[in-house]
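# Residue-level structural notes
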Amino acid sequence: MSQALTPETILSLAPDAGSAANARKLATPGKWPSLNDTDGVLWGECQGSGKTPYLTAVDLSGPVAKCSCPSRKFPCKHGLALLLLHASHGSDFGSQPAPESIQTWLAGRQNREVQKAEGGQQKAEKEADPAAQAKRRAAREKKVTAGLEGLHLFLNDLVRDGLATASSRPYSDWDTQAARLMDAQAAGAARRVAHIPELLGDPAALLAHLGELALLAEGWTNREGLVENELADLRSALGFPLDAAGLLETEGIRSRWNVLGQALIQEETLTVRRQWLQNSDQTALLLDFAPAGRPLPPGLPMGQSVEAELVLAPSAFAQRAVLKGEARGSGPLTDLPPPLTLTAMLSAHADALARNPWLERAAYLLGPVRVLPGEPWSVVDETGGGLPLTEDVRPLLRLLAESAGEAVSVFGEWDGAAFAALNFWTGTPGGRR
(Lines give C-alpha, C1' and ligand atoms only; values in the text may rest on other atoms or scores of the structure.)
Protein backbone atom coordinates (compact mmCIF):
# COMPACT_ATOMS: atom_id res chain seq x y z
CA MET A 1 0.00 0.00 0.00
CA SER A 2 2.68 2.43 0.94
CA GLN A 3 4.53 1.87 -2.33
CA ALA A 4 1.56 3.44 -4.11
CA LEU A 5 2.06 6.74 -2.26
CA THR A 6 3.87 9.10 -4.58
CA PRO A 7 5.62 12.24 -3.32
CA GLU A 8 2.84 14.30 -4.88
CA THR A 9 0.20 12.30 -3.05
CA ILE A 10 2.08 12.57 0.23
CA LEU A 11 2.50 16.32 -0.06
CA SER A 12 -1.20 16.69 -0.79
CA LEU A 13 -1.72 15.59 2.83
CA ALA A 14 0.22 18.62 4.11
CA PRO A 15 -1.93 21.02 6.16
CA ASP A 16 -0.22 24.00 4.49
CA ALA A 17 2.50 24.91 2.00
CA GLY A 18 5.04 25.56 4.76
CA SER A 19 4.69 22.04 6.14
CA ALA A 20 5.17 20.59 2.66
CA ALA A 21 8.31 22.65 2.03
CA ASN A 22 9.82 21.75 5.42
CA ALA A 23 9.01 18.09 4.91
CA ARG A 24 10.99 18.06 1.67
CA LYS A 25 14.02 19.42 3.54
CA LEU A 26 13.75 16.72 6.20
CA ALA A 27 13.29 13.87 3.74
CA THR A 28 16.94 12.83 3.69
CA PRO A 29 18.22 9.69 5.46
CA GLY A 30 21.04 11.63 7.12
CA LYS A 31 18.54 13.44 9.37
CA TRP A 32 17.03 10.19 10.61
CA PRO A 33 19.17 8.03 12.95
CA SER A 34 16.59 5.27 12.74
CA LEU A 35 13.97 4.27 10.17
CA ASN A 36 11.68 1.26 10.39
CA ASP A 37 8.72 -0.31 8.62
CA THR A 38 6.90 -2.79 10.82
CA ASP A 39 3.48 -4.32 10.16
CA GLY A 40 2.12 -1.40 8.19
CA VAL A 41 3.57 1.21 10.55
CA LEU A 42 6.49 3.47 9.67
CA TRP A 43 8.45 4.88 12.56
CA GLY A 44 11.73 6.67 13.00
CA GLU A 45 13.66 9.28 14.90
CA CYS A 46 14.43 12.65 13.37
CA GLN A 47 17.23 14.73 14.78
CA GLY A 48 16.01 18.26 15.36
CA SER A 49 17.76 21.18 16.99
CA GLY A 50 17.39 19.65 20.46
CA LYS A 51 19.34 16.86 22.11
CA THR A 52 16.59 14.28 21.88
CA PRO A 53 15.38 13.24 18.41
CA TYR A 54 11.69 13.47 17.63
CA LEU A 55 9.94 10.11 17.56
CA THR A 56 7.62 9.95 14.55
CA ALA A 57 5.24 7.24 13.39
CA VAL A 58 2.79 6.81 10.51
CA ASP A 59 0.03 4.22 10.47
CA LEU A 60 -0.21 3.48 6.76
CA SER A 61 -3.77 2.24 7.05
CA GLY A 62 -4.85 5.90 7.17
CA PRO A 63 -2.29 7.19 6.69
CA VAL A 64 -2.30 8.82 10.14
CA ALA A 65 0.78 10.25 11.82
CA LYS A 66 1.96 10.86 15.37
CA CYS A 67 5.06 12.77 16.42
CA SER A 68 6.71 13.88 19.66
CA CYS A 69 7.49 17.31 18.19
CA PRO A 70 5.56 20.33 19.55
CA SER A 71 3.76 21.06 16.26
CA ARG A 72 -0.04 21.11 16.36
CA LYS A 73 -0.32 20.41 12.65
CA PHE A 74 -1.51 17.02 11.44
CA PRO A 75 0.41 15.52 9.87
CA CYS A 76 3.46 17.52 10.94
CA LYS A 77 6.53 17.98 8.74
CA HIS A 78 8.20 14.95 10.34
CA GLY A 79 5.28 12.68 9.50
CA LEU A 80 5.29 13.90 5.92
CA ALA A 81 9.07 13.53 5.69
CA LEU A 82 8.86 9.96 6.98
CA LEU A 83 6.38 9.11 4.23
CA LEU A 84 8.54 10.84 1.61
CA LEU A 85 11.58 8.90 2.78
CA HIS A 86 9.70 5.63 2.57
CA ALA A 87 8.70 6.46 -1.00
CA SER A 88 12.23 7.40 -2.05
CA HIS A 89 14.47 5.29 0.25
CA GLY A 90 12.36 2.29 1.18
CA SER A 91 15.41 0.04 1.36
CA ASP A 92 16.83 2.15 4.21
CA PHE A 93 13.99 1.10 6.51
CA GLY A 94 14.64 -1.66 9.02
CA SER A 95 12.14 -3.86 10.81
CA GLN A 96 12.71 -3.06 14.46
CA PRO A 97 9.51 -3.25 16.54
CA ALA A 98 7.97 0.08 17.42
CA PRO A 99 8.72 1.60 20.86
CA GLU A 100 6.15 1.28 23.62
CA SER A 101 4.83 4.82 23.14
CA ILE A 102 3.94 4.09 19.52
CA GLN A 103 2.40 0.74 20.43
CA THR A 104 0.28 2.57 23.00
CA TRP A 105 -0.79 5.10 20.37
CA LEU A 106 -1.78 2.33 17.94
CA ALA A 107 -3.74 0.51 20.63
CA GLY A 108 -5.44 3.81 21.55
CA ARG A 109 -6.50 4.31 17.94
CA GLN A 110 -8.15 0.92 17.90
CA ASN A 111 -9.91 1.60 21.20
CA ARG A 112 -11.15 4.96 20.01
CA GLU A 113 -12.68 3.37 16.95
CA VAL A 114 -14.62 0.99 19.17
CA GLN A 115 -15.64 3.78 21.56
CA LYS A 116 -16.69 5.97 18.66
CA ALA A 117 -19.01 3.30 17.37
CA GLU A 118 -20.45 2.73 20.84
CA GLY A 119 -20.72 6.48 21.47
CA GLY A 120 -22.65 6.98 18.27
CA GLN A 121 -25.14 4.35 19.35
CA GLN A 122 -25.52 5.96 22.78
CA LYS A 123 -26.03 9.35 21.18
CA ALA A 124 -28.81 7.99 19.06
CA GLU A 125 -30.44 6.62 22.17
CA LYS A 126 -30.20 10.02 23.86
CA GLU A 127 -32.34 11.71 21.30
CA ALA A 128 -32.88 15.37 22.04
CA ASP A 129 -36.26 16.57 23.14
CA PRO A 130 -38.37 16.50 19.91
CA ALA A 131 -40.62 19.31 21.16
CA ALA A 132 -37.64 21.60 21.85
CA GLN A 133 -36.16 20.74 18.46
CA ALA A 134 -39.44 21.55 16.72
CA LYS A 135 -39.68 24.85 18.60
CA ARG A 136 -36.14 25.89 17.59
CA ARG A 137 -36.78 24.85 14.02
CA ALA A 138 -40.01 26.86 13.84
CA ALA A 139 -38.28 29.93 15.32
CA ARG A 140 -35.50 29.77 12.73
CA GLU A 141 -37.90 29.24 9.86
CA LYS A 142 -39.87 32.26 10.99
CA LYS A 143 -36.70 34.37 10.83
CA VAL A 144 -35.79 33.00 7.42
CA THR A 145 -39.29 33.71 6.13
CA ALA A 146 -39.04 37.33 7.25
CA GLY A 147 -35.58 37.68 5.70
CA LEU A 148 -36.66 36.24 2.36
CA GLU A 149 -39.73 38.45 2.24
CA GLY A 150 -37.35 41.39 2.56
CA LEU A 151 -35.20 39.92 -0.19
CA HIS A 152 -38.23 39.59 -2.44
CA LEU A 153 -39.01 43.29 -2.01
CA PHE A 154 -35.38 44.19 -2.62
CA LEU A 155 -35.30 42.23 -5.89
CA ASN A 156 -38.58 43.77 -7.03
CA ASP A 157 -37.17 47.26 -6.40
CA LEU A 158 -34.04 46.36 -8.31
CA VAL A 159 -35.96 45.14 -11.36
CA ARG A 160 -38.41 48.05 -11.26
CA ASP A 161 -35.51 50.53 -11.29
CA GLY A 162 -33.86 48.60 -14.14
CA LEU A 163 -30.72 46.46 -13.99
CA ALA A 164 -28.82 49.19 -15.84
CA THR A 165 -29.04 51.29 -12.68
CA ALA A 166 -27.71 48.54 -10.45
CA SER A 167 -24.09 49.60 -10.90
CA SER A 168 -24.92 53.10 -9.67
CA ARG A 169 -26.22 51.86 -6.36
CA PRO A 170 -23.92 52.41 -3.38
CA TYR A 171 -22.17 49.32 -2.04
CA SER A 172 -23.99 49.88 1.23
CA ASP A 173 -27.21 48.72 -0.49
CA TRP A 174 -25.79 45.26 -1.10
CA ASP A 175 -24.04 45.12 2.27
CA THR A 176 -27.19 46.12 4.14
CA GLN A 177 -29.31 43.53 2.38
CA ALA A 178 -26.70 40.84 2.98
CA ALA A 179 -26.52 41.78 6.67
CA ARG A 180 -30.30 41.54 7.00
CA LEU A 181 -30.23 38.04 5.56
CA MET A 182 -27.44 37.08 7.96
CA ASP A 183 -29.56 38.33 10.84
CA ALA A 184 -32.40 36.23 9.45
CA GLN A 185 -30.11 33.15 9.60
CA ALA A 186 -30.19 32.77 5.82
CA ALA A 187 -26.43 32.82 5.37
CA GLY A 188 -26.54 31.18 1.95
CA ALA A 189 -28.79 33.90 0.56
CA ALA A 190 -26.65 36.56 2.25
CA ARG A 191 -23.52 35.21 0.57
CA ARG A 192 -25.21 35.34 -2.83
CA VAL A 193 -26.31 38.95 -2.29
CA ALA A 194 -22.79 39.91 -1.23
CA HIS A 195 -21.57 38.43 -4.54
CA ILE A 196 -23.75 40.76 -6.66
CA PRO A 197 -21.24 43.67 -6.90
CA GLU A 198 -18.75 41.34 -8.63
CA LEU A 199 -21.29 40.78 -11.44
CA LEU A 200 -22.34 44.36 -12.11
CA GLY A 201 -20.13 44.52 -15.20
CA ASP A 202 -21.67 41.39 -16.74
CA PRO A 203 -25.43 41.90 -17.34
CA ALA A 204 -26.04 38.27 -18.37
CA ALA A 205 -24.32 36.88 -15.30
CA LEU A 206 -26.08 39.42 -13.09
CA LEU A 207 -29.48 38.47 -14.44
CA ALA A 208 -28.80 34.75 -13.94
CA HIS A 209 -27.61 35.37 -10.41
CA LEU A 210 -30.65 37.46 -9.51
CA GLY A 211 -32.81 34.71 -10.99
CA GLU A 212 -31.25 32.20 -8.57
CA LEU A 213 -31.96 34.55 -5.68
CA ALA A 214 -35.56 35.05 -6.78
CA LEU A 215 -35.95 31.28 -7.09
CA LEU A 216 -34.68 30.92 -3.52
CA ALA A 217 -37.29 33.33 -2.23
CA GLU A 218 -40.08 31.78 -4.32
CA GLY A 219 -38.98 28.27 -3.43
CA TRP A 220 -39.15 29.03 0.28
CA THR A 221 -42.61 30.54 -0.07
CA ASN A 222 -43.81 27.42 -1.86
CA ARG A 223 -41.70 24.87 0.02
CA GLU A 224 -44.73 22.82 1.03
CA GLY A 225 -44.93 21.60 -2.56
CA LEU A 226 -41.34 20.36 -2.73
CA VAL A 227 -40.36 16.74 -2.34
CA GLU A 228 -37.87 15.83 0.40
CA ASN A 229 -34.69 16.03 -1.70
CA GLU A 230 -35.72 19.32 -3.33
CA LEU A 231 -36.46 20.81 0.08
CA ALA A 232 -33.04 19.61 1.28
CA ASP A 233 -31.39 21.46 -1.62
CA LEU A 234 -33.37 24.62 -0.86
CA ARG A 235 -32.43 24.53 2.82
CA SER A 236 -28.79 23.91 1.95
CA ALA A 237 -28.75 26.84 -0.48
CA LEU A 238 -30.24 29.08 2.21
CA GLY A 239 -27.54 28.10 4.66
CA PHE A 240 -29.25 25.62 6.94
CA PRO A 241 -26.46 23.48 8.42
CA LEU A 242 -25.97 19.90 7.36
CA ASP A 243 -27.00 17.42 10.04
CA ALA A 244 -23.72 15.53 9.84
CA ALA A 245 -24.31 13.71 13.14
CA GLY A 246 -27.66 12.48 11.90
CA LEU A 247 -26.15 11.34 8.63
CA LEU A 248 -23.47 9.37 10.46
CA GLU A 249 -26.18 7.35 12.14
CA THR A 250 -27.34 6.08 8.75
CA GLU A 251 -25.75 3.51 6.49
CA GLY A 252 -23.40 4.87 3.84
CA ILE A 253 -21.73 3.55 0.73
CA ARG A 254 -18.83 1.37 1.85
CA SER A 255 -16.54 0.92 -1.11
CA ARG A 256 -13.23 1.81 -2.66
CA TRP A 257 -13.28 5.53 -3.46
CA ASN A 258 -10.91 7.34 -5.79
CA VAL A 259 -9.62 10.63 -4.40
CA LEU A 260 -9.41 12.60 -7.62
CA GLY A 261 -8.89 16.20 -6.58
CA GLN A 262 -8.97 18.80 -3.89
CA ALA A 263 -9.27 22.58 -3.69
CA LEU A 264 -8.16 24.81 -0.83
CA ILE A 265 -10.07 28.07 -0.62
CA GLN A 266 -9.73 31.03 1.71
CA GLU A 267 -13.17 32.46 2.51
CA GLU A 268 -12.91 35.49 4.77
CA THR A 269 -11.97 34.00 8.16
CA LEU A 270 -12.26 30.38 7.09
CA THR A 271 -10.06 27.95 5.21
CA VAL A 272 -12.21 25.57 3.19
CA ARG A 273 -11.06 22.31 1.68
CA ARG A 274 -13.12 20.53 -0.97
CA GLN A 275 -12.10 16.92 -1.63
CA TRP A 276 -13.70 15.11 -4.53
CA LEU A 277 -14.08 11.34 -4.49
CA GLN A 278 -15.50 9.00 -7.10
CA ASN A 279 -16.90 5.50 -7.08
CA SER A 280 -18.51 4.08 -10.21
CA ASP A 281 -20.86 6.84 -11.46
CA GLN A 282 -21.13 8.56 -8.06
CA THR A 283 -19.08 11.66 -7.25
CA ALA A 284 -18.82 12.69 -3.61
CA LEU A 285 -17.72 15.97 -2.07
CA LEU A 286 -16.12 16.14 1.37
CA LEU A 287 -15.94 19.59 2.94
CA ASP A 288 -13.62 20.59 5.77
CA PHE A 289 -13.40 23.97 7.47
CA ALA A 290 -10.85 25.58 9.76
CA PRO A 291 -10.54 29.10 11.19
CA ALA A 292 -7.85 31.16 9.45
CA GLY A 293 -4.42 30.23 10.73
CA ARG A 294 -5.57 26.90 12.16
CA PRO A 295 -4.78 23.62 10.42
CA LEU A 296 -7.40 21.58 8.66
CA PRO A 297 -8.01 17.99 9.76
CA PRO A 298 -5.92 15.42 7.89
CA GLY A 299 -7.10 14.98 4.32
CA LEU A 300 -7.27 11.94 2.11
CA PRO A 301 -4.35 11.10 -0.20
CA MET A 302 -5.05 12.77 -3.55
CA GLY A 303 -4.56 10.61 -6.60
CA GLN A 304 -5.10 7.44 -4.58
CA SER A 305 -8.03 5.19 -3.77
CA VAL A 306 -9.11 4.41 -0.21
CA GLU A 307 -11.49 2.02 1.51
CA ALA A 308 -14.10 4.26 3.07
CA GLU A 309 -17.77 4.56 3.96
CA LEU A 310 -19.40 7.78 2.74
CA VAL A 311 -22.89 8.92 3.60
CA LEU A 312 -24.44 11.18 0.98
CA ALA A 313 -26.55 14.11 2.14
CA PRO A 314 -30.15 14.19 0.83
CA SER A 315 -30.32 16.06 -2.47
CA ALA A 316 -31.93 15.83 -5.86
CA PHE A 317 -28.32 15.77 -7.14
CA ALA A 318 -26.47 14.06 -4.31
CA GLN A 319 -22.76 14.82 -4.04
CA ARG A 320 -22.15 16.36 -0.57
CA ALA A 321 -21.04 13.57 1.73
CA VAL A 322 -19.60 12.88 5.16
CA LEU A 323 -16.93 10.33 5.93
CA LYS A 324 -18.06 7.67 8.38
CA GLY A 325 -15.13 6.34 10.38
CA GLU A 326 -11.64 6.39 8.95
CA ALA A 327 -10.53 5.83 5.40
CA ARG A 328 -7.98 3.05 5.15
CA GLY A 329 -5.92 1.08 2.72
CA SER A 330 -4.71 3.69 0.27
CA GLY A 331 -3.78 2.31 -3.12
CA PRO A 332 -3.80 3.11 -6.84
CA LEU A 333 -6.85 4.60 -8.50
CA THR A 334 -9.28 2.01 -9.73
CA ASP A 335 -12.28 1.72 -12.07
CA LEU A 336 -12.27 5.30 -13.25
CA PRO A 337 -15.12 6.36 -15.55
CA PRO A 338 -14.25 7.30 -19.14
CA PRO A 339 -13.37 11.00 -19.45
CA LEU A 340 -16.07 13.27 -20.88
CA THR A 341 -15.90 15.56 -23.85
CA LEU A 342 -16.69 19.21 -23.16
CA THR A 343 -20.11 18.82 -24.76
CA ALA A 344 -20.88 15.77 -22.63
CA MET A 345 -19.77 17.62 -19.50
CA LEU A 346 -22.04 20.57 -20.25
CA SER A 347 -24.91 18.20 -20.88
CA ALA A 348 -24.25 16.41 -17.57
CA HIS A 349 -24.06 19.72 -15.75
CA ALA A 350 -27.31 20.92 -17.30
CA ASP A 351 -28.96 17.77 -16.04
CA ALA A 352 -27.53 18.41 -12.57
CA LEU A 353 -28.84 21.99 -12.58
CA ALA A 354 -32.25 20.77 -13.69
CA ARG A 355 -32.36 18.70 -10.53
CA ASN A 356 -30.77 21.27 -8.21
CA PRO A 357 -30.98 24.83 -9.61
CA TRP A 358 -28.84 26.19 -6.74
CA LEU A 359 -25.94 23.82 -7.42
CA GLU A 360 -22.78 25.94 -7.24
CA ARG A 361 -20.33 23.49 -8.75
CA ALA A 362 -19.78 19.88 -9.70
CA ALA A 363 -16.66 17.93 -10.64
CA TYR A 364 -15.94 16.10 -13.88
CA LEU A 365 -13.16 14.12 -15.57
CA LEU A 366 -12.48 15.55 -19.03
CA GLY A 367 -10.40 14.20 -21.86
CA PRO A 368 -8.62 14.22 -24.12
CA VAL A 369 -8.24 18.00 -23.86
CA ARG A 370 -5.52 20.59 -24.30
CA VAL A 371 -4.85 23.65 -22.21
CA LEU A 372 -4.27 26.87 -24.10
CA PRO A 373 -2.75 30.03 -22.57
CA GLY A 374 -4.56 33.27 -23.21
CA GLU A 375 -6.88 35.83 -21.68
CA PRO A 376 -8.44 33.80 -20.21
CA TRP A 377 -6.72 30.42 -20.38
CA SER A 378 -8.98 27.79 -21.88
CA VAL A 379 -9.41 24.06 -22.19
CA VAL A 380 -10.25 22.71 -25.67
CA ASP A 381 -11.14 19.27 -26.93
CA GLU A 382 -10.72 17.44 -30.23
CA THR A 383 -13.87 18.99 -31.68
CA GLY A 384 -12.48 22.49 -31.23
CA GLY A 385 -14.92 23.37 -28.48
CA GLY A 386 -13.49 25.30 -25.59
CA LEU A 387 -14.28 26.51 -22.09
CA PRO A 388 -12.57 29.17 -19.95
CA LEU A 389 -10.33 28.12 -17.10
CA THR A 390 -10.18 29.83 -13.71
CA GLU A 391 -7.90 32.81 -13.28
CA ASP A 392 -5.30 31.11 -11.05
CA VAL A 393 -2.65 30.24 -13.65
CA ARG A 394 -0.08 28.65 -11.29
CA PRO A 395 -1.46 25.10 -11.54
CA LEU A 396 -2.07 25.66 -15.26
CA LEU A 397 1.57 26.54 -15.87
CA ARG A 398 2.60 23.23 -14.31
CA LEU A 399 -0.04 21.37 -16.30
CA LEU A 400 1.15 23.00 -19.50
CA ALA A 401 4.81 22.28 -18.73
CA GLU A 402 4.28 18.61 -17.86
CA SER A 403 1.95 17.95 -20.76
CA ALA A 404 4.19 19.81 -23.23
CA GLY A 405 1.03 21.00 -24.91
CA GLU A 406 -0.19 17.46 -25.57
CA ALA A 407 -3.70 16.23 -24.85
CA VAL A 408 -4.37 15.22 -21.23
CA SER A 409 -7.19 14.03 -19.02
CA VAL A 410 -8.15 16.67 -16.48
CA PHE A 411 -10.27 16.41 -13.36
CA GLY A 412 -11.72 19.61 -11.99
CA GLU A 413 -14.66 21.73 -10.93
CA TRP A 414 -17.13 23.44 -13.25
CA ASP A 415 -19.19 26.28 -11.76
CA GLY A 416 -21.03 27.29 -14.90
CA ALA A 417 -18.55 30.05 -15.72
CA ALA A 418 -15.04 28.55 -15.55
CA PHE A 419 -13.34 25.18 -15.12
CA ALA A 420 -10.85 24.77 -12.26
CA ALA A 421 -8.30 22.04 -13.03
CA LEU A 422 -7.49 20.09 -9.86
CA ASN A 423 -5.62 17.07 -11.23
CA PHE A 424 -4.48 15.74 -14.58
CA TRP A 425 -2.88 12.77 -16.30
CA THR A 426 -0.82 12.80 -19.46
CA GLY A 427 -1.55 9.11 -20.04
CA THR A 428 -4.29 6.87 -18.77
CA PRO A 429 -6.06 8.53 -15.83
CA GLY A 430 -4.63 7.03 -12.67
CA GLY A 431 -1.35 6.10 -14.31
CA ARG A 432 1.94 7.82 -13.62
CA ARG A 433 2.65 11.01 -15.52
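This text goes with the structure placed above it.
Calculation notes
Residues numbered from 1 in each chain as written. Predicted model: local features only at pLDDT ≥ 70, side-chain atom pairs only at ≥ 80, totals over all residues. Heavy atoms only, no water. Helix = DSSP H or I, 4+ residues; strand = E, 2+ residues; numbered from the N terminus. Pairing = 2+ DSSP bridges. Axes fitted to C-alpha atoms, helices over the stretch in contact; angles between N-to-C directions. Salt bridge = Lys/Arg side-chain N within 4 Å of Asp/Glu carboxyl O. Buried < 20%, exposed > 50% of the residue type's maximum accessible area, 1.4 Å probe, protein only. Contact = heavy atoms within 4.5 Å.

So, about the environment of G211. Mapped onto the elements, G211 comes out in helix α8 (residues 203–221). Each C-alpha atom, one on G211 and one on W257, is 36 Å from the other, the two residues being 46 residues apart in sequence.

The strand order around the closed barrel built from five strands is β5-β6-β7-β9-β8, with neighbouring strands paired in mixed fashion. Neighbour to neighbour, the strand axes of the sheet diverge by 45° on average, direction disregarded. Pairing of strand β7 (residues 282–291) with strand β9 (residues 320–331) involves two bridges; the strand directions are parallel. Paired with L285 across the two strands is R320, which belongs to β9.

With that settled, the discussion passes to the pattern of salt bridges. The final tally for this structure, using the stated rule, is 20 salt bridges. Residue D161 is joined to R169 by a salt bridge in which the shortest nitrogen-to-oxygen separation is 3.3 Å. We classify R169 as buried; its relative accessible area is 16%. Among the ionic contacts, a cluster of salt bridges with common partners joins D59, R109, E326 and R328.

So, on to the pairing of β7. Note that strand β6 (residues 270–279) and β7 share ten bridges and pair antiparallel. From the neighbouring strand, Q278 faces β7, where its bridge partner is T283. The hairpin turn running from β6 into β7, its antiparallel successor, is two residues long, and S280 in that turn takes a positive phi close to 55°.

Along the polypeptide, P314 turns up in the loop between β8 (305–312) and β9. When residues no more than four places from it in sequence are discounted, the contact partners of P314 are N229, A232, D233 and L247.

So, on to the sheet that holds strand β3 (residues 54–59). Ordered by their spatial adjacency, four strands build an open sheet running β1-β2-β3-β4, and the pairing between neighbours is antiparallel. The sheet is open, and its two edges are formed by β1 (34–38) and β4 (64–67), each paired on a single side. Strand-to-strand, the axes of this sheet are offset by a mean angle of 15°, without reference to chain direction. With four bridges connecting them, β3 and β4 associate as antiparallel partners. Along β4, the bridge assignment pairs D59 with V64. Contacting β1, β2 (41–46), β3 and β4, helix α3 (residues 77–88) runs over the sheet at an angle of about 65° to β3.

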